[in-house]
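# Coordinates in review
Okay, here's what each chain looks like letter by letter:
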Amino acid sequence: MLPAVLYCLLWSFHAANGHFPRACVSSKSLMEKECCPPWRGDGSPCGQLSGRGSCQDIVLSNAPPGPQFPFTGVDDRESWPSVFYNRTCQCSGNFMGFDCGNCKFGFWGPNCTERRLLVRRNIFDLSVPEKNKFLAYLNLAKHTTSPDYVIPTGSYGQMNNGSTPMFNDINIYDLFVWMHYYVSRDTLLGGSEIWRDIDFAHEAPGFLPWHRLFLLLWEQEIQELTGDENFTIPYWDWRDAESCDICTDEYMGGRSLRDPNLLSPASFFSSWQIICSRLDEYNRRQALCNGTPEGPLLRNPGNHDKARTQRLPSSADVEFCLSLTQYESGSMDKTANFSFRNTLEGFASPLTGIADASQSSMHNALHIYMNGTMSQVQGSANDPIFLLHHAFVDSIFEQWLRRHRPLQEVYPAANAPIGHNRESYMVPFIPLYRNGDFFISSRDLGYDYSFLQDLDPDFFQDYIKPYLEQASRIWPWLLGAAVVGSVLTAVLGGLTRLLCRGKRKQLSEEQQPLLLDKEDYHSLYQSHL
């Protein structure tokens, strides 16, 4: 009952934030290629009158991509977002957003000057009211039309280079489903031709930063929708799991007794309709997903292809990933060996770090295991388990960052697959964010994970370990200095005693007092101490 009550109460709130801004999809904006909406606070483009930002030309990276995509000028996502816009809001200070109306991640307050750190928690550590509130928020997002964002239903060319806009409304939850579809969809080459070997968020270095941003924006959207400024996505710690322990009606939906591929009617996720799942149909029609409902959410955990995924990831698998020192290697795609990213994503073995096309492990293993909507890359975000799963994947990424402390330059600057270089803007986000901007600690982005705080590895890592490492390098010098210091102390002590004895002999017995005054006694005692 509580989710239903919360659901009704939350309808009184309204949302705002996400990726083709409604204010920028007129034929005028598209043909002029400018997305600089007025900030509602002062009515000026990008809040310029209030010092929030200004409308500026986009500066694209000229670093060369890898050879995986052999075309140029055939996909709207190339050199994002220049096909649609070449001028956008560039925000100042701690401001952020397509109109500079929001705060950067980790900041809060009317002027975005207050720092804050939110904590993502294990879903099983939530109280019953907290868990029910989370489920109600999911349902509310599924039934609330995004006030600020729309989705394109055609390519820029199909829109006659912007003169005939083609956009649809979409609810807030499905907006993020559509984004995950759009970033990973095939390239439409015309006629019946497509190119499948392309993905702007998977199988390359940007996999972890892209999904980190995705979760942060989803979190921010729910905070604005509900007015719950402390909301965070819970995570599902699937290490050593023997089954889907969140697949119950109490949590993310149990199995239907009538059809094992469907969810139990006792879960309101059973009434959800999915979108963007008919990939072959889109390719055949050379069309984009337009957000039309396509049927119920499918899930049949454990009844998957066990030849491809034999088991769920173990604690030992995670630890092996964390031990890999290279973020990326080789061709920087799904064939990379000894790559932390490729091993965590699941294209390389968590036992050896060697790429293995016949197996799906780690992150990929969870998708395959769910054996339904989650198992299809483009439509996987339809299943709300996606959020809990990727929050835990992000926590492993965070552990790796804290353990190895890489400079931002460790993230590849060039020759990664298209869209994955460090300075490339991430598809399809407007406002713009670069891959390298999210190759930093989560604490710098305003959030942490409860189990990382409980382990508290950072005190040792931040303060003790560096000193021990320095001491191990200079201990011979320290030992030598101690020996020299001891010798000098002994010599000086001997000289001091000789001088004191000489001075005492100069004093006659008649000149020395027989009894000290009380104040003199205390003074002498303190001087000896």
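So, a few notes on the structure that sits alongside this text. (Residues numbered from 1 in each chain as written. Predicted model: local features only at pLDDT ≥ 70, side-chain atom pairs only at ≥ 80, totals over all residues. Heavy atoms only, no water.)

Our focus in this paragraph is helix H10 (residues 385-404). Here H10 is 20 residues long and its end C-alpha atoms lie 29 Å apart, about the 28 Å a rise of 1.5 Å per residue gives. Of all 20 residues making up H10, 18 are buried, and the element is well covered by its neighbours. (Helix = DSSP H or I, 4+ residues; strand = E, 2+ residues; numbered from the N terminus. Expected span 1.5 Å × (residues − 1). Buried < 20%, exposed > 50% of the residue type's maximum accessible area, 1.4 Å probe, protein only.)

This brings us to helix H3 (residues 128-142). Spanning 15 residues, H3 covers 21 Å between terminal C-alpha atoms, matching the ideal 21 Å at 1.5 Å per step. Most of H3 sits inside the fold, with 11 of its 15 residues counted as buried. Taken together, the buried positions of H3 are Lys-131, Asn-132, Phe-134, Leu-135, Ala-136, Tyr-137, Leu-138, Asn-139, Leu-140, Ala-141 and Lys-142.

So, about the packing of helix H5 (residues 207-226) against H10. Following both chains from N to C, one finds H5 and H10 inclined at 125 degrees, their axes separated by 10 Å at the closest point. Of the possible angle classes, the one that applies to H5 and H10 is oblique. For the crossing formed where H5 meets H10, the hand is left-handed. Here H5 contributes Phe-207, Leu-208, Pro-209, His-211, Arg-212, Phe-214, Leu-215 and Trp-218 to the contact with H10, which in turn contributes Phe-386, Leu-387, His-390, Ala-391, Val-393, Asp-394, Phe-397, Glu-398 and Leu-401. Taken together, the residues of the contact of H5 with H10 break down into 12 nonpolar, two polar and three charged. (Axes fitted to C-alpha atoms, helices over the stretch in contact; angles between N-to-C directions. Parallel < 35°, antiparallel > 145°, perpendicular 65-115°, else oblique. Left-handed = near helix turned anticlockwise from the far one by under 90°. Contact = heavy atoms within 4.5 Å. Nonpolar A, V, L, I, M, F, W, Y, C, P; charged D, E, K, R; others polar.)

A few words on the state of the cysteines. Tallied over the entire structure, the rule returns seven disulfides. A sulfur-sulfur separation of 2.1 Å characterises the disulfide bridge that pairs Cys-24 with Cys-35. Judged by the torsion about the S-S bond (80 degrees), the Cys-24/Cys-35 disulfide is right-handed. Taken together, the positions of Cys-24 in the loop between helix H1 (2-10) and helix H2 (27-32) and Cys-35 in strand E1 (residues 34-35) put the pair 11 residues apart, joining distant regions of the chain. Cys-35 gets classed as buried once you look at its relative accessible area, which sits at 1%. (Disulfide = S-S within 2.5 Å.)

Enumeration according to the criterion identifies 44 aromatic pairs in this entry. On the numbers, 6.4 Å between centres and 50 degrees between planes, the contact of Trp-400 with Phe-439 is tilted. Of this pair, Trp-400 sits in helix H10 while Phe-439 sits in the loop between H10 and strand E13 (447-449); the two residues are 39 residues apart in sequence, bridging distant segments of the chain. Grouping residues by exposure puts Trp-400 and Phe-439 together as buried. Where Tyr-447 meets Tyr-449, the ring centres are 5.8 Å apart and the plane angle is 80 degrees; that geometry is what we call edge-to-face. When sorted by exposure, Tyr-447 lands in the same class as Tyr-449, which is buried. By the ring-pair criterion, three or more aromatic residues cluster together here, those being Phe-20, Trp-80, Phe-84, Tyr-85, Tyr-156, Phe-167, Trp-178 and Tyr-182. Above the plane of the ring of Tyr-447 lies Arg-120, whose end atom (NZ or CZ) is 4.0 Å from the centre. Its guanidinium or amino end placed over the ring of Tyr-251, Lys-131 lies 5.4 Å from that ring's centre, counting from NZ or CZ. (Phe/Tyr/Trp six-rings, centres within 6.5 Å; stacked < 30°, edge-to-face > 60°. Lys NZ or Arg CZ within 6 Å of the ring centre and 35° of its normal.)

Moving on, we get to the pairing of strand E11 (residues 187-190). Looking along a regular strand, one sees side chains alternate from face to face of the sheet. Two strands pair when backbone bridges link them, and E11 and strand E12 (residues 193-195) are joined in this way by three bridges, in the antiparallel orientation. Paired with Gly-190 across the strands is Glu-193, a residue of E12. Between E11 and E12, which follow one another and run antiparallel, lie two residues, and Gly-191 among them has a positive phi close to 65 degrees. (Pairing = 2+ DSSP bridges.)

A few words now on the sheet that holds strand E2 (residues 53-57). Pairing is mixed across the open sheet formed by three strands, whose spatial order is E1-E3-E2. Sheet topology places E1 and E2 at the edges, where each strand pairs with a single neighbour. Two strands pair when backbone bridges link them, and E2 and strand E3 (residues 87-91) are joined in this way by five bridges, in the antiparallel orientation. Within E3, the residue paired with Gly-53 across the bridge is Cys-91.

For the rest of this paragraph, the subject is the environment of Cys-276. Tracing the backbone through its elements, the reader meets Cys-276 in the loop between H5 and helix H6 (279-285). Overall, Cys-276 belongs to the buried group, its relative accessible area being 0%. Sequence separation of Cys-276 and Gly-291 is 15 residues, and the distance between their C-alpha atoms is 6.5 Å. With residues up to four places along the chain from it excluded, the contact list for Cys-276 reads Trp-178, Tyr-181, Tyr-282, Cys-289, Glu-294, Gln-376, Gln-378 and Gly-379.

Tallied over the entire structure, the rule returns 25 salt bridges. The residue Arg-299 makes a salt bridge to Asp-383 at a minimum N-O spacing of 2.9 Å. Placement of Arg-299 in the loop between H6 and helix H7 (315-323) and of Asp-383 in the loop between helix H9 (362-370) and H10 is noted, with a sequence separation of 84 residues between them. Each of the two residues, Arg-299 as well as Asp-383, counts as buried. Close ionic contact of Glu-328 with Arg-341 constitutes a salt bridge, the shortest N to O distance being 2.9 Å. Linking Glu-328 in the loop between H7 and helix H8 (340-345) with Arg-341 in helix H8, this pair joins segments that are 13 residues apart in sequence. Arg-341 sits in the buried class, given a relative accessible area of 0%. (Salt bridge = Lys/Arg side-chain N within 4 Å of Asp/Glu carboxyl O.)

Keep in mind these numbers describe shape, not what the thing actually does.
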